Amino acid sequence: MKKPPLAAFALVLATVLAVVYFLIETGSEQRADDARKANATAPVSAPERAPEIAAPTNGEGAPTETTTSAPGGAAVAERGARESVASTTRVSLAGSVTFPAATPADEQVEVLVFDASYNAGREALDATDEALKDNKHLIARAMVDATGAFELELPAERAVDSWIGLRARYLYVDPGVRLAHDSATLPALTPTLGAWINGRCSAPSDATDVERALAKTKLELYFDPLKAASSGAVGGGASRTRGRNTGADEDGSYEMRGVSAGDIPYRVRAVPPELAAARSDEFTLAPGQHVAVDLHLERGGSVTGRMIDAAGKPVADVKVTASIDPVMWGRGGWELREQQSAADGTFALRALLPGKLDLSFEKTGHLELKRSATVASAARVDLGDVVLD
């Protein structure tokens, strides 16, 4: 038999070696890729952040970037280190607020920046201090000095536009001032001079501890929409007159900041959890005016009854509502209390503001029924059986 030439053996051997080398290299690359993926997805303990030091501007009005160094960088993947530094990079932007003439000397102004497009002006005014601490959209805040100057520390890279609001007693911006995400300067802040309302809701002298717990009291700054419309004070425009809502502290104290001033007569009305609703007399507000409005609460009266159908059977789950003030063109009216009738059809609306009440009875599948009743303080009005067709 003729032996194969030596060159053929050499060619076969080279081919085998090339295949083995290819398999080894492919496996090595796959293992390296798996290791990179594992490092990218594995949790990395974040090192303690060093204190951030605000950097001043460069003297020419341009912001100066500051970064917080992350220790232990050698133990962190390069990409993770870059992200850590980027997340702590801040820019310092200096700005100013132009105080309107006649701004009261007791004014206190703070600038708040939100990364969302909701009404930053009202959020800055109406939110409680506790609510602001928990607001994930609040990205920066700074106090304004007596000259109107302030300095904000903002993230260097902002993916979305921000909105600026003022937290003050009298001044407000409505709905807020837009700050472009790529802006290196702050927009001019020229607020409107409004009014400041504060006061306290007080329980009767013989009130129980439960009745004195006023933290859940709802307060509303209300204006007559018909009067406002006839005067032209309510309409288009960002600074139109409008009502406000807030809550009371445990002792019944409250405040309403940056209220629109004008000739519209306002009322403050309150609905506490255990006592009767109350409302103030009408008053008007002038720019820069401080008005203290205290509300003295009472137990009020009650309305009871039983809901039945035409056959005399009890009707459960009827929504029984007591309200006051007329409703015209879908506006107005003040709902005081609401309750669902029990399984036996009975209901009891308690702690009602004394006077004439408008009552409504509603349930799906039945015609709505309307009645009226006049209640006195500490008195009960029993309607007896109320037939719902």
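Residues numbered from 1 in each chain as written. Predicted model: local features only at pLDDT ≥ 70, side-chain atom pairs only at ≥ 80, totals over all residues. Heavy atoms only, no water.

Colleague: Break down the overall build of the chain for me, citing the residues and quoting the values.
Modeller: Within the chain, the secondary structure is distributed over 6 helices and 25 strands. Counting the 389 residues in the chain, one finds 37% classified as buried. Long-range contacts, defined as pairs at least 24 residues apart, comprise 66% of the intrachain contacts of the chain with a sequence gap of at least 6. A total of about 22000 Å² of accessible surface is found on the chain, and carbon and sulfur atoms cover 54% of it. (Helix = DSSP H or I, 4+ residues; strand = E, 2+ residues; numbered from the N terminus. Buried < 20%, exposed > 50% of the residue type's maximum accessible area, 1.4 Å probe, protein only. Contact = heavy atoms within 4.5 Å. Areas by Shrake-Rupley, 256 points an atom, 1.4 Å probe, with all protein chains shown as cover.)

Colleague: Could you give an account of the sheet that holds strand E4 (residues 138-143), with specific residues and numbers?
Modeller: Read from one edge to the other, the open sheet built from 4 strands follows the order E4-E3-E6-E8, with strand pairing classed as antiparallel. Sheet topology places E4 and strand E8 (177-179) at the edges, where each strand pairs with a single neighbour. Strand after strand, the sheet turns through a mean of 25° between neighbouring axes, direction not considered. Pairing between strand E3 (residues 110-114) and strand E6 (residues 162-167): 5 bridges, direction antiparallel. Within E6, the residue paired with Val-111 across the bridge is Leu-166. (Pairing = 2+ DSSP bridges. Axes fitted to C-alpha atoms, helices over the stretch in contact; angles between N-to-C directions.)

Colleague: Let's hear about the nonpolar core: which residues, and what values?
Modeller: Ile-197, Leu-219, Leu-221, Val-268, Phe-283, Leu-285 and Val-293 are the most contacted members of the largest nonpolar core, which totals 25 residues. Where this core is concerned, the elements lending two or more residues are strand E10 (195-202), strand E11 (218-223), strand E13 (253-259), strand E14 (262-271) and strand E16 (283-285). With 4 residues, the top contributor of residues to this core is E14. Apart from the residues within four sequence positions on either side, Phe-283 is in contact with Ile-197, Leu-221, Ile-264, Pro-265, Tyr-266, Arg-267, Val-268, Val-291 and Val-293. Leu-93, Leu-152, Val-177 and Leu-179 belong to the second-largest nonpolar core, a separate cluster that totals 24 residues. (Core = buried A, V, L, I, M, F, W, Y, C linked by side-chain atoms within 4.5 Å.)

Colleague: Explain the side chain of Ser-92 to me, and be specific about the residues and the numbers.
Modeller: By the secondary structure assignment, Ser-92 is in strand E2 (residues 90-96). Side chain to side chain, Ser-92 and Glu-151 meet in a polar contact 2.7 Å long. Polar side-chain contacts of Ser-92 include one of 3.4 Å to the side chain of Glu-153. (Polar contact = N/O pair within 3.5 Å; in protein donor to acceptor, adjacent residues only side chain to side chain.)

Colleague: So, the packing of aromatic side chains: which residues are in play, and what are the values?
Modeller: Counting across every chain of the model gives 4 aromatic pairs. Taken together, a centroid distance of 6.3 Å and an interplanar angle of 85° make the contact between Phe-223 and Tyr-266 edge-to-face. One end of the pair, Phe-223, is in strand E11; the other, Tyr-266, is in strand E14, with 43 residues separating them in the sequence. Here Tyr-266 falls in the buried class, since its relative accessible area comes to 1%. Each ring, one from Tyr-266 and one from Phe-283, has its centre 6.3 Å from the other, and the planes form 35°; the classification is tilted. In this pair, Tyr-266 sits in strand E14 while Phe-283 sits in strand E16, placing the two residues 17 residues apart along the sequence. Just as Tyr-266 is buried, Phe-283 falls in that class too. (Phe/Tyr/Trp six-rings, centres within 6.5 Å; stacked < 30°, edge-to-face > 60°.)

Colleague: Tell me about the confidence of the model for the chain, and name the residues and values.
Modeller: Summing up the model confidence of the chain, the mean pLDDT is 78 and the portion of residues at 70 or higher is 70%. Between residues 16-87, whose pLDDT stays under 50, and residues either more than four places distant or in other chains, the model counts 44 contacts. Contacts for the low-pLDDT stretch residues 235-241, under 50 throughout, to residues beyond four places or in other chains number 13 contacts. (pLDDT = per-residue confidence, 0-100.)

Colleague: Talk me through the pattern of salt bridges; I want residue IDs and the actual numbers.
Modeller: Scanning the entire structure with this criterion turns up 16 salt bridges. The partner of Asp-206 in a salt bridge is Arg-299, with the nearest N and O atoms 3.2 Å apart. Taken as a pair, Asp-206 in the loop between E10 and helix H5 (209-212) and Arg-299 in the loop between strand E18 (295-296) and strand E19 (301-308) lie far apart in primary sequence, 93 residues in all. Classification of Arg-299 by relative accessible area gives partly exposed; the value is 33%. Here Lys-370 and Glu-368 are joined by a salt bridge, their closest N and O atoms 3.1 Å apart. (Salt bridge = Lys/Arg side-chain N within 4 Å of Asp/Glu carboxyl O.)

Colleague: Which residues make up the environment of Leu-219, and what values go with them?
Modeller: Note on placement: Leu-219 falls in strand E11. Looking at Leu-219, the relative accessible area reads 2%, which means it is buried. For the pair formed by Leu-219 and Arg-269, sequence separation is 50 residues and the distance between their alpha carbons is 5.7 Å. Every residue in contact with Leu-219, bar those within four places of it in the chain, is listed here: Cys-201, Arg-244, Asn-245, Thr-246, Gly-247, Ala-248, Tyr-254, Met-256, Val-268, Arg-269, Ala-270 and Leu-295.

Colleague: Any details on the sheet that holds strand E25 (residues 380-387)? Residues and values, ideally.
Modeller: Taken in spatial order, the 3 strands line up as E22-E19-E25 in an open sheet, and their pairing is mixed. The strands lining the two open edges of the sheet, one partner per strand, are strand E22 (346-352) and E25. Shown here is a sheet whose adjacent strand axes are inclined to one another by a mean of 15°, direction ignored. Bridging between E19 and E22 involves 5 bridges; their strand directions are antiparallel. Paired with Gly-305 across the bridge in E22 is Phe-347.

Colleague: Describe the environment of Ile-139, naming the residues involved and giving the relevant values.
Modeller: Along the polypeptide, Ile-139 turns up in strand E4. With 26 residues separating them along the chain, Ile-139 and Val-113 place their C-alpha atoms 5.8 Å apart.

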